Each structure stands twice: as structure tokens, then as C-alpha cells.
Amino acid sequence: MATTVVLDMLPAALLETIMTKLDVASLCSLASTCKTLKSCVTRVLTFAPNFHLFNVSLSIETVRPLLYQNQKLSSLKLDCGRLGNSAIDILARPSLREISLHNCRDFSGDLISQIGRKCKHLRSVCLGSVAEKVGRTITPAALEDLLNGCSHLEVLSLMFDLSLYLRPADARIFGLVSDKLTHLELGHISSRMITHLLLTSTETFQNLQQLRLSLDCITDAVVKAISKSLTSLIDLDLRDAPLEDPRQPSDLTDFGLQEINQNGGKLKRLSLIRSQEFHSAYFRRVSDQGMLFLAGKCSRMESICLGGFCRVTDAGFKTILHSCAGLSRFSVYHGPKLTDLVFHDVLATALTLSHVSLRRCHLLTDHAVRKLASNLNLESLDLRGCRNIRDEALRAVSQLTKLKVLLLDGTDVSDTGLSYLKEGVWESLVSLSVRGCRNLTDNFMTVLFDGSSKLALRELDVSNLPNLTDAAVFALAKSGAPITRLQLRECRLIGDPSVMALASTRVYEDGCPGSSLCLLDLYDCGGITQLSFKWLKKPFFPRLKWLGITGSVNRDIVDALGRRRPNLKVSCRGEELGIDGEDDWDSADIQQQHMEGEEDELQQWILGDEGDDDVEMEDESDDEASEEGGEEEED
């Protein structure tokens, strides 16, 4: 009380001046201490230069007082999942230098147009999922307004399907882009349009260093146009997901790979991925000869990711590894002919690999992992879908003391293999996934989470383990591990006791129950009933943003939870939570954790008790729904 009195005596202007020197996390900690500081923090946020909040969708009633009066806002990053066209005037601030808006499904092209007309000083524009809601659309004129108005752009990311709104002839619109542009990312565009654009606007993109495209089909013509026009390119990421196998003239061949990195060898990062999301399509016209062509031009490469090259054998992949002395990231997806021989003499190279992904390379065995583990600098190892990986591979992995990410989905490891991790690597791991490793039981969880060591683990996926029971979750909860993402989907023996144990977990110093979990996936867990929903209400799981649950659970209870926690994204259809897609090959970006921690602090303070109005009435309605659900089951 005495502290509050002293603060009340100080000029608010003085307190606010001091607060402008603090970061977001510190501001939010201050706001939670007393009414005086909370009031000051509220005012500080109205003239703060940066407002970043991706992990939660705010309503327009919450956003308006925080942003509308701010005339000094220079950087805005926001999840717009609960916003629409009525929020455009709030978001399009003339003072902005950087804007990044995700989940803009309920916005039309007016958002793009108004940003171009009002935000003349923007250096970076990132817009995701614009006009994806039925009834919304984007006109070519909106893109013209954006590119004409933002004449100083250095970064442009439009992560939505441009092919729905633009014809090939509309490629001329991108010729209006700033000649200062260094980074360009387009969510989906036709290969024909991008080829025409690059060949007719060579001078426009002379400073472009990073290009990321999602195409209908990667072709020789696209690759040739990129190599010819983008002479300053350092980072190239091309992805496609054809609905059918491309024909000869409209596909990538060995001769297309020969065109890559023609201009002085400046390219350092290359990603070529053909996804099997819609159809089992591969680069069937690329062979070891194409890899030989590529290896001759990639001696300075630092990162290479190749997905869907079904005809490339060990000889081709090995040529790449032995040609790139500075390679730190190496990824191969869907490599049906890649075997252990690729890594047999990896020690003879000068490679210092930090990230290796060999997803769905079915011929790999423990021998390859032992060879890779001789590189003690490994920080990320992705072996998902390598079904011949067994326990001996994990014995080798246990010696990698710098390893932070280990993904083992669908491998043939057992409890014994997982217990080897305890010997060295366990304390450094930040992300572990053993989804679909059907040999596993509760024993590996009991051994790993025995409470004997302080863990760095934040992400754990133990989905689709038929022998996993509530006892495994009890061991996890008892250990106090600071897990933020826990996936238990399709574990039929997991039930209400697991939810109760997680809700009672105390991790942080404030003793807040269940306080670390941001994502909890319980989809198709056989023992989950309406009883679990009593533990999913506040104050339990206060940081929870994503919840997966079985759709057959009483719908009234699910709706009641949604009303009580409007910022919780509840999924009942089995979709994956909190991910961007199957080809997001950087599975865990450890460097983003500090930033996300600050967002959590900001989110907790801004939201406060949002959604807690009429709490008693909500509790009563929830209880009534639970009772009705119980009666239905009895009937």
C-alpha cells in the first residue's frame, strides 16, 4: 500500500518517460503490480513505436484504444483473425515503416489498397490470407495502389493465392514495385506469370536478394528466368504441389538445374520442393546428372533443401555434400533412393552441419545416423518417416550435447532407445517428437521425466501412441517440465485424469496452475469427457491459445468454452494446430522464443479479464451444459 501512495505522488509524465525505455515484457510486469502503473502503461502503449502480437487474435474493441491514438507507431505485427474491413482505418497508420498482418481472411482488397494510399513510408509489408473468406475478393487495382503508394519498399510478402485474382497479363503490376526491394515472397502464383514478370522487368528486381515462391509448377523456364534476371540473389526458395504429373515442357529437368546460380555464384541458400500434399508428384525428369550440374555451381552454398527428387541416387546427393564445404543445413524430403552410403565418408569432408532433415527417406538405417552423429555440432535432426531407424541410432544421438530438435515420427524406436537420450542430450533438447512410434509405452516417459534434471524441453509430440496412458502424463506433470506445446492426439488411452494433472501443474515462480502450455492437442483421445472442460476453464491453462478436442464431445460444452475464452482457438475437426504446413522444414525456430515470451506477457496484460464478463452466468451455463451432457450419456 505504501508503494502505491508514493507512486501516486510522482508525476505521470515522469513515470511514462521512464517506461518508454523498457521492453514489452517489463511493461506488462509493471502493469500487473498496481492501478497507477497499469494506467501509465496503457498510455505508454498509445505512443509506443512497436506493437507486436501474433499469438492471439484481438477484437476491434480491444485494438481501437491501443492503436487509434498512436501517431508514432512505426512497426505493427498483428493476428487479424477477429478483424475485418471496419478495422482498416485503425491498422493503416501513416507513421508505419513496417506492417505484418496475419489471418486477414475477412478483409477484402480494400486493406491492400488503403495501405498503399495511406502508408507512404513503409519499408516492409507482409500480408497473409487476405480475402480467403467467402465473398471477399481482391482486384488488380488494389495491388497497383499498394505498389504505387509504397515506393520505398524493401520487403514484400503477400501470402495468399494471387492466381485467383490475377491473369498472366497482370504481371505488369509487379513492375511498379520499388527498385529498393530486396525480399519478395508470394503465396501462390502461376509459373507463366512469374516468368513473364522477370523477363520484362529485369531492372526492377536488380537488388533482390531473397525470393520465395509457391508455384503451380516449377519449370526450367522459371529457373532460367530467375537466374538471368536476379543477379543479386542470395536466397531462393521454390515450392510447388501439382495436382497431376507435369508434362515434359512444363517441368524441371537436369537442364533447368544447370541454369541455377549462373551469375557469379552468389546464391547461398537454395530450396526446391515438390510437395505430395495433393498428388504423389515428383521431379521425375531430374537425375544424378542434374545434381552434378548443380554441384558445380554451389560451392558457396550454406543451406540446401531438396524435396521430391525420386530419381536421384546416392551418387547425386553425395556430389552435393562433397562440393559444398560451407554447408550447414542439408535437407532431403521424399528421397526414395537415398541410402546410408551418402554419409559413409562424411568425416572425410570439411562439413560442419548444424541442421539435417531426411524426412521420409525410407532406406536410411542406424548406420547413417551414427555417421551423422560424428558431427557434434548438430542442433536439429529430423528423421520423420524413416521407418528403419531403431534404438542404436539414438545411442549415437545421445552424444550430441548441442542438439535442440529431434523429430522421430514413424521410426522403429522403443523405450530402450529413448532412454539413451538421458545420457547426454536430454538436458539440451527443446523439441522432441515421437508421433506414431508404436513400440513406445509409458516407460520412456517415466524414465525421461523423472525430475532428476532441469529441462529445456518446450515442445513434445507423443501423438498416435496406442500404449500411452494417463500414467505417462502424470510423470510429465510431476516433473514440472516447462512444456509449451503438448500433442497427445489419437492416444486412445488418454483421458480426463491427464487433463486434471496438466491443469494442476505448477511451472513458473508465480505458481500459476498449468501456466506453461500454449498448445494442447487432445483430438481423438478416447477417455476425454465433459469433465475435462471444467479444468479447461480459467484460471487453468492461462496461456493456452490452441486446443484440439474430439468433435463428438457435447457441442454445447465446446461452445460455452469458446464464449468464456474467446481468444482460444478450439479445433474439433482433427486439423493440425499451430503449424504452417507439411513443408515448413524449419520445424522449430529456437531463436524466436524470447520474442514469443514478450508477446505472451503483452497478450496476458492486454486481454486481462477479457471474456470474463458475466463470469457467474457463464459458469452456470457451463454447468447446465455438463449436466445435460451427463444426462444424455446416462440415457
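Residues numbered from 1 in each chain as written. Predicted model: local features only at pLDDT ≥ 70, side-chain atom pairs only at ≥ 80, totals over all residues. Heavy atoms only, no water.

Looking at an unreviewed UniProt entry, one finds the protein named F-box/LRR-repeat protein 10, with Raphanus sativus as its source organism.

As for the overall build of the protein
Scanning the protein from terminus to terminus reveals 23 helices and 20 strands. Taking all 635 residues of the protein together, 54% fall into the buried category. Within the protein, contacts between residues at least 6 apart in sequence are counted, and of these 76% link residues at least 24 apart. Carbon and sulfur atoms form 50% of the exposed surface of the protein, whose accessible area is close to 27100 Å². (Helix = DSSP H or I, 4+ residues; strand = E, 2+ residues; numbered from the N terminus. Buried < 20%, exposed > 50% of the residue type's maximum accessible area, 1.4 Å probe, protein only. Contact = heavy atoms within 4.5 Å. Areas by Shrake-Rupley, 256 points an atom, 1.4 Å probe, with all protein chains shown as cover.)

What to know about unusual backbone geometry
Of note in the backbone geometry, arginine 360 takes a positive phi value of approximately 60 degrees without being a glycine. Locating arginine 360 in the fold gives a position in the loop between strand 12 (355-357) and helix 14 (366-372). You will see that aspartate 524, though not glycine, has its phi angle at about 60 degrees, which is positive. Within the secondary structure layout, aspartate 524 lies in the loop between strand 18 (519-521) and helix 20 (531-535).

Comments concerning the state of the cysteines
Disulfides are covalent bonds that connect the sulfur atoms of two cysteines. With the rule as written, the count across this model stands at 0 disulfides. Cysteine cysteine 150 is unpaired, with the sulfur of cysteine 119 as its nearest cysteine sulfur at 6.5 Å. Unpaired in this structure, cysteine 324 has its nearest cysteine sulfur neighbour in cysteine 298, at a distance of 3.2 Å. Owing to a relative accessible area of 0%, cysteine 324 belongs among the buried residues under this scheme. (Disulfide = S-S within 2.5 Å.)

A word on the side chain of serine 232
Within the secondary structure layout, serine 232 lies in the loop between helix 10 (220-229) and strand 8 (235-240). There is a polar contact of 2.9 Å between the side chain of serine 232 and the backbone oxygen of glutamine 206. Among all residues touching serine 232, those that are not within four sequence positions of it are Gln206, Asn207, Leu208, Gln209 and Lys266. (Polar contact = N/O pair within 3.5 Å; in protein donor to acceptor, adjacent residues only side chain to side chain.)

Brief notes about the pairing of strand 6 (residues 183-189)
Successive side chains on a regular strand alternate, one facing one side of the sheet and the next facing the other. Sheet topology note: the strand 5 (residues 155-161)/strand 6 ladder contains 5 bridges and is parallel. Within strand 6, the position partnered with valine 155 by the bridge is histidine 183. The sheet contact formed by strand 6 and strand 7 (residues 210-215) spans 5 bridges and is parallel. Along strand 7, the bridge assignment pairs leucine 186 with leucine 213. On the question of chirality, the crossover connecting strand 6 to the parallel strand 7 by way of helix 9 (residues 191-200) is right-handed. (Pairing = 2+ DSSP bridges. Right-handed = clockwise from strand over helix to strand, strands pointing away.)

Remarks on the packing of helix 18 (residues 470-479) against helix 19 (residues 496-503)
One can describe the packing of helix 18 onto helix 19 by two numbers: an axis separation of 9 Å at closest approach and a directional angle of 5 degrees. Classified by the angle between their axes, helix 18 and helix 19 sit roughly parallel to one another. Every residue of helix 19 that contacts helix 18 at Asp470, Val473, Phe474, Leu476 and Ala477 is listed here: Pro497, Ser498, Ala501 and Leu502. Of the residues belonging to the contact of helix 18 with helix 19, the class tally is 7 nonpolar, 1 polar and 1 charged. (Axes fitted to C-alpha atoms, helices over the stretch in contact; angles between N-to-C directions. Parallel < 35°, antiparallel > 145°, perpendicular 65-115°, else oblique. Nonpolar A, V, L, I, M, F, W, Y, C, P; charged D, E, K, R; others polar.)

Notes on the packing of helix 12 (residues 288-295) against helix 13 (residues 314-323)
Contact geometry of helix 12 with helix 13 gives a least axis separation of 8 Å together with a crossing angle of 10 degrees. The angle between the axes of helix 12 and helix 13 places the two elements in the roughly parallel class. Between helix 12, through Asp288, Met291, Leu292, Leu294 and Ala295, and helix 13, the contact on the second element is made entirely by Ala315, Gly316, Thr319, Ile320 and Ser323. Looking at side-chain class alone, the contact of helix 12 with helix 13 contains 6 nonpolar, 3 polar and 1 charged residues.

Brief notes about helix 2 (residues 12-19)
Among the residues making up helix 2, those that are buried are Leu15, Glu16 and Met19. Buried positions in helix 2, seen along its axis, are confined to an arc of 95 degrees and lie on one side of it. (Arc of directions from axis to C-beta.)

Description of the environment of glutamine 209
Within the secondary structure layout, glutamine 209 lies in the loop between helix 9 and strand 7. Along the chain, glutamine 209 and leucine 181 lie 28 residues apart, while their C-alpha atoms are 8.4 Å from each other. Excluding residues that lie within four positions of it along the chain, glutamine 209 makes contacts with Thr182, Ser232, Leu233, Ile234 and Asp235.

Describing helix 13
Burial in helix 13 covers these residues: Asp314, Gly316, Phe317, Ile320 and Leu321. Where helix 13 is buried, its residues meet helix 12, strand 10 (303-307) and strand 11 (329-333).

So, the packing of aromatic side chains
Tallied over the entire structure, the rule returns 3 aromatic pairs. Arranged with centres 5.1 Å apart and planes meeting at 45 degrees, the rings of tryptophan 535 and phenylalanine 540 form a pair that is tilted. Given the relative accessible area of 23%, tryptophan 535 is considered partly exposed. The ring of tyrosine 333 is capped by arginine 359, whose NZ or CZ atom sits 4.3 Å from the centre of that ring. Sitting above the plane of the tyrosine 420 ring, arginine 395 keeps its charged end 4.2 Å from the centroid. (Phe/Tyr/Trp six-rings, centres within 6.5 Å; stacked < 30°, edge-to-face > 60°. Lys NZ or Arg CZ within 6 Å of the ring centre and 35° of its normal.)

Overview of the confidence of the model for the protein
Residues at a pLDDT of 70 or more form 87% of the protein, whose mean pLDDT is 85. Counted against residues more than four places away or in other chains, residues 609-618, with its pLDDT under 50, gives 16 contacts. Ignoring residues within four places in sequence, the model shows residues 629-635, a span with pLDDT below 50, making 5 contacts including any to other chains. (pLDDT = per-residue confidence, 0-100.)

Quick notes on the pairing of strand 2 (residues 75-79)
Counting buried positions over the 5 residues of strand 2 gives 5, a clear majority of the element. Residue alternation in strand 2 divides its side chains into two sets, Ser75, Lys77 and Asp79 and Leu76 and Leu78, and both sets are buried. Relative to strand 2, strand 1 (residues 50-57) is paired through 5 bridges, and the arrangement is parallel. In the strand pairing of strand 2, serine 57 is matched with aspartate 79. Each parallel crossover has a hand, and for strand 1 linked through helix 5 (residues 60-67) to strand 2 it is right-handed. Bridge analysis of strand 2 against strand 3 (residues 98-102) gives 5 bridges, and the strand direction is parallel.

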